[in-house]
Each structure stands twice: as structure tokens, then as C-alpha cells.
Amino acid sequence: MKKMEQMYEGKAKKVFATDDPGLVLVDYKDDATAFNGLKKGTIAGKGAINNRVTNHLMKLLEKEGVPTHFVEELSDRETLVRRVSIVPLEVIVRNIAAGSLSKRLGLPEGTKLSKTVLEFCYKDDELGDPMVNRYHIAAMGWATEEEMDLICRYSLKVNDVLTAYLRDLNIELIDFKLEFGKTADGTIVLADEISPDTCRFWDSTTHEKLDKDRFRRDLGGVEDAYHEIMKRLMGE
């Protein structure tokens, strides 16, 4: 497998073509952004941690019946994944009120929701990733009703699997963001990443934040929090 030209650079990753048209190489960066790119910084070692944590969790989810784009971890920062066309939606899965939900609905952060909430945002930084519903999604042709049913089912399954897995590691899964893609034959698979960048992880006992909120809110100890997640998940 040969790494070819760079196809794309996002806020947290670079994507390279390979000599196999069905596969691309993802290279994770240490760059950190928040508030749709308005706040920028660097978290030392973040790229390697997010790469390895993502792959660890993707493999766990594959075993539980959630198809993903993961193929092979090549190095600390580089992973081979299936080439997909990304469905232009972020799926936000919420178990406990935090962040924008707390602000929007006036719920104290940490309030347990009586039912898991799924939210959808249209992926567009210039528009600030506006929240949309299934009527918007159907009207704009971003995904069919059948694809959305599958995306919702997979999102709730991811939540069930990860909540149970993390509970045993004394980590509470507050909320998280997922992205999905379509392979060449139209199959919907989980894509992007699952990491302290895209999830709110709290220590179950102390409620200490072990995720990107430490960067967003200038809480300090950002690198330590990311390392703590990797240590609990992978013993490193």
C-alpha cells in the first residue's frame, strides 16, 4: 500500500489517497480547535491518542455488529480506512445534559436525560453546523428515510455498546458526535473518529472532565485528560 497525494485537510486530520482506489490513509494531527474553528491551539500527543483510541473503539463496535470504515492501524498517527462519501450530517447522541443542550434548554449540566436524545447538524463550518431535523434532511436530499433509519439505529447501538464498555472503566459517556459515510456500493458505515475530541467523557466518581472541554473551557490538564482516557481504555 503506497501513500499518494493529500486529498483533504480538516481541523484534526489529513486524508491521503493510496494506490488502492477503495482505501485512503488518515493522518491525525495535534491541532485543536473549538467553537467551529474560532479557538485554535495544540494538544501535544493528541493525534496519536485519538488515532489509537478511535481504532480501539471501532474494532469493538465492529465485533458488536456496527460496520465501520476501519481497515488497519499503520502507525501511532496513521490508519488505513475504506474510502467513503461522508453523509453531510453530524449525529449528536446525548445521555446527560451538557454543553449546548444545557444552554439551549436551561438544564443544569449533569442532568440525566430520561431518554437518549439524537440531534442532527448539517456539516458546514461557515454556517456554524446548524441543527436540522429529518424533514430538512429529506428535503435537501442529504440522506434517504431508509438511510436515516439505519443511521439512527447504528447511533443508538454505538451508544449502548460504548456506555456499557466505558462504565466498567469508571467513565461516564455524557454525549458524543458521530459521522457516517457511504462506500462505493452505497453501504452506510461509521466513519470519522470516536475520541476525547468528539465525546464528553467524565470520571464516573469525581465527574472530572476527561475530554476536549478542558481545552474549550481553559480548565488546564488537557494532555493529562487525553492520556488518562488512553490509559483506561488500553492500559497505556
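Use the structure listed above.
What counts, and where the lines are drawn
- Residues numbered from 1 in each chain as written.
- Predicted model: local features only at pLDDT ≥ 70, side-chain atom pairs only at ≥ 80, totals over all residues.
- Heavy atoms only, no water.
- Salt bridge = Lys/Arg side-chain N within 4 Å of Asp/Glu carboxyl O.
- Helix = DSSP H or I, 4+ residues; strand = E, 2+ residues; numbered from the N terminus.
- Buried < 20%, exposed > 50% of the residue type's maximum accessible area, 1.4 Å probe, protein only.
- Pairing = 2+ DSSP bridges.
- Expected span 1.5 Å × (residues − 1).
- Arc of directions from axis to C-beta.
- Contact = heavy atoms within 4.5 Å.

### Describing the pattern of salt bridges
Inference 1: Under the definition given, this model contains 29 salt bridges.
Inference 2: For Lys123, the salt bridge identified is with Glu179, shortest N-O distance 3.3 Å. Of this pair, Lys123 sits in the loop between β10 (112-122) and β11 (131-132) while Glu179 sits in strand β12 (residues 171-182), placing them 56 residues apart in sequence.
Inference 3: Its relative accessible area of 31% is what places Lys123 among the partly exposed residues.
Inference 4: Taking relative accessible area as the criterion, Glu179 reaches 6% and is therefore assigned buried.

### Digging into the pairing of strand β1 (residues 3-9)
Inference 1: Both β1 and strand β2 (residues 13-18) contribute to a ladder of four bridges, which runs antiparallel. Paired with Glu9 across the two strands is Lys14, which belongs to β2.
Inference 2: Where β1 folds back onto β2 in an antiparallel hairpin, the turn is made up of three residues.

### Focus on helix α6 (residues 222-234)
Inference 1: Between the first and last C-alpha of α6 there are 18 Å, a value that for 13 residues agrees with the 18 Å anticipated at 1.5 Å per step.
Inference 2: Val222, Ala225, Tyr226, Ile229, Met230 and Leu233 are the residues of α6 that are buried. One side of α6 holds all its buried residues, which, seen down the axis, span an arc of 135 degrees.
Inference 3: Contacts from the buried residues of α6 go to α1 (46-63), α4 (145-167), β12, β14 (199-203) and α5 (213-216).
Inference 4: Just downstream of α6 lies Gly235, where phi reads positive at about 70 degrees.

Without other data, these values stay purely geometric and don't point to any function.
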